[in-house]
Amino acid sequence: MEPLLLLYNFTEEEQKEWELALKPVSVVRKKFVDKKEFGIPIYSLLSEEAVPTFLYQATEDFDGRMVLIANVTANTLFQYLLAVSKMVTKEPVYRAVLTETNRDWTSSFLFYHLKEEEAEIKKRRTAEG
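Before going into details, it helps to say that this report is about the structure given with it. (Residues numbered from 1 in each chain as written. Predicted model: local features only at pLDDT ≥ 70, side-chain atom pairs only at ≥ 80, totals over all residues. Heavy atoms only, no water.)

1. Here we look at the sheet that holds strand β1 (residues 4-8)
The strands that make up a sheet are held in pairs by hydrogen bonds between backbone atoms, and each pair lies either parallel or antiparallel.
Right, so step 1: Strand order in the open sheet formed by four strands is β2-β1-β3-β4, with mixed pairing between adjacent strands. The outermost strands of the open sheet, each flanked by one partner alone, are β2 (29-33) and β4 (93-97). The average undirected angle you get between the axes of adjacent strands in this sheet is 15 degrees.
Right, so step 2: In terms of strand pairing, β1 meets β2 through five bridges, oriented parallel. (Pairing = 2+ DSSP bridges. Helix = DSSP H or I, 4+ residues; strand = E, 2+ residues; numbered from the N terminus. Axes fitted to C-alpha atoms, helices over the stretch in contact; angles between N-to-C directions.)

As structure tokens, then:
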């Protein structure tokens, strides 16, 4: 599979900003995921083929921003992290890398999982600090 970025819940203006910021990154394809696709398993979104309608699942919607990067080399991942570290966003952007575990999840499930992880990290930092 070719390198790919899946981007969620970005306005048209934000999409242009991301396109510009990610120009130097050697990711071949970027896909701005439509809300109707949030219930489709992530591995299906990575394919260029049409997604069979039976894969559409009832899903909880989410409004937060999220980016998933898939099928990249360590160098491309570094380029991506460098490019997005310079971006200023109004809202937090959850970021994930495709793994053997999360490839079967829906986008909604991944988003809420990342949100829970962030809450747990904040909780631990507060307890330690």
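2. Focus: the side chain of Glu14
Right, so step 1: Secondary-structure assignment places Glu14 in helix α1 (residues 12-21).
Right, so step 2: In terms of polar contacts, Glu14 uses its side chain to reach the side chain of Arg65, at 3.1 Å.
Right, so step 3: If we skip the residues at most four places from it in the chain, Glu14 touches Asn9 and Arg65. (Polar contact = N/O pair within 3.5 Å; in protein donor to acceptor, adjacent residues only side chain to side chain. Contact = heavy atoms within 4.5 Å.)

3. Quick word on the packing of aromatic side chains
Right, so step 1: Within this structure, the stated rule accounts for nine aromatic pairs.
Right, so step 2: Each ring, one from Tyr8 and one from Phe62, has its centre 6.0 Å from the other, and the planes form 50 degrees; the classification is tilted. With Tyr8 in strand β1 and Phe62 in the loop between α2 (42-46) and β3 (65-70), this residue pair connects regions lying 54 residues apart in the sequence.
Right, so step 3: Note on Tyr8: relative accessible area 0%, which makes it buried.
Right, so step 4: Judged by its relative accessible area of 2%, Phe62 falls in the buried class.
Right, so step 5: On the basis of an interplanar angle of 85 degrees and a centroid distance of 5.2 Å, the ring pair of Phe111 and Tyr112 is categorised as edge-to-face.
Right, so step 6: Its relative accessible area of 27% is what places Tyr112 among the partly exposed residues.
Right, so step 7: A network of ring pairs unites the aromatic residues Tyr8, Phe38, Phe62, Tyr94, Phe111 and Tyr112 as a single cluster.
Right, so step 8: Taking the ring centre of Phe10 as reference, the NZ or CZ of Arg65 above it sits at 5.9 Å. (Phe/Tyr/Trp six-rings, centres within 6.5 Å; stacked < 30°, edge-to-face > 60°. Buried < 20%, exposed > 50% of the residue type's maximum accessible area, 1.4 Å probe, protein only. Lys NZ or Arg CZ within 6 Å of the ring centre and 35° of its normal.)

4. A short note on helix α4 (residues 107-128)
Right, so step 1: Here α4 contains 22 residues, and its C-alpha end-to-end distance of 32 Å stays within 8% of the 32 Å for a straight helix at 1.5 Å per residue.
Right, so step 2: Looking only at α4, the buried set comprises Ser107, Ser108, Leu110, Phe111 and Leu114.
Right, so step 3: Turning to α4, the residues buried within the fold contact β1, α2, β3 and β4. (Expected span 1.5 Å × (residues − 1).)

5. Thoughts on unusual backbone geometry
Working note: non-glycine residues mostly have negative phi, and peptide bonds are mostly trans.
Right, so step 1: Despite not being glycine, Asn9 has its phi angle at roughly 60 degrees, a positive value.
Right, so step 2: Relative to the helices and strands, Asn9 is located in the loop between β1 and α1.
Right, so step 3: Residues other than glycine seldom take positive phi values, yet Asn71 does so here, at roughly 60 degrees.
Right, so step 4: Tracing the sequence through the fold places Asn71 in the loop between β3 and α3 (74-85).
Right, so step 5: Judged by its relative accessible area of 30%, Asn71 is partly exposed.

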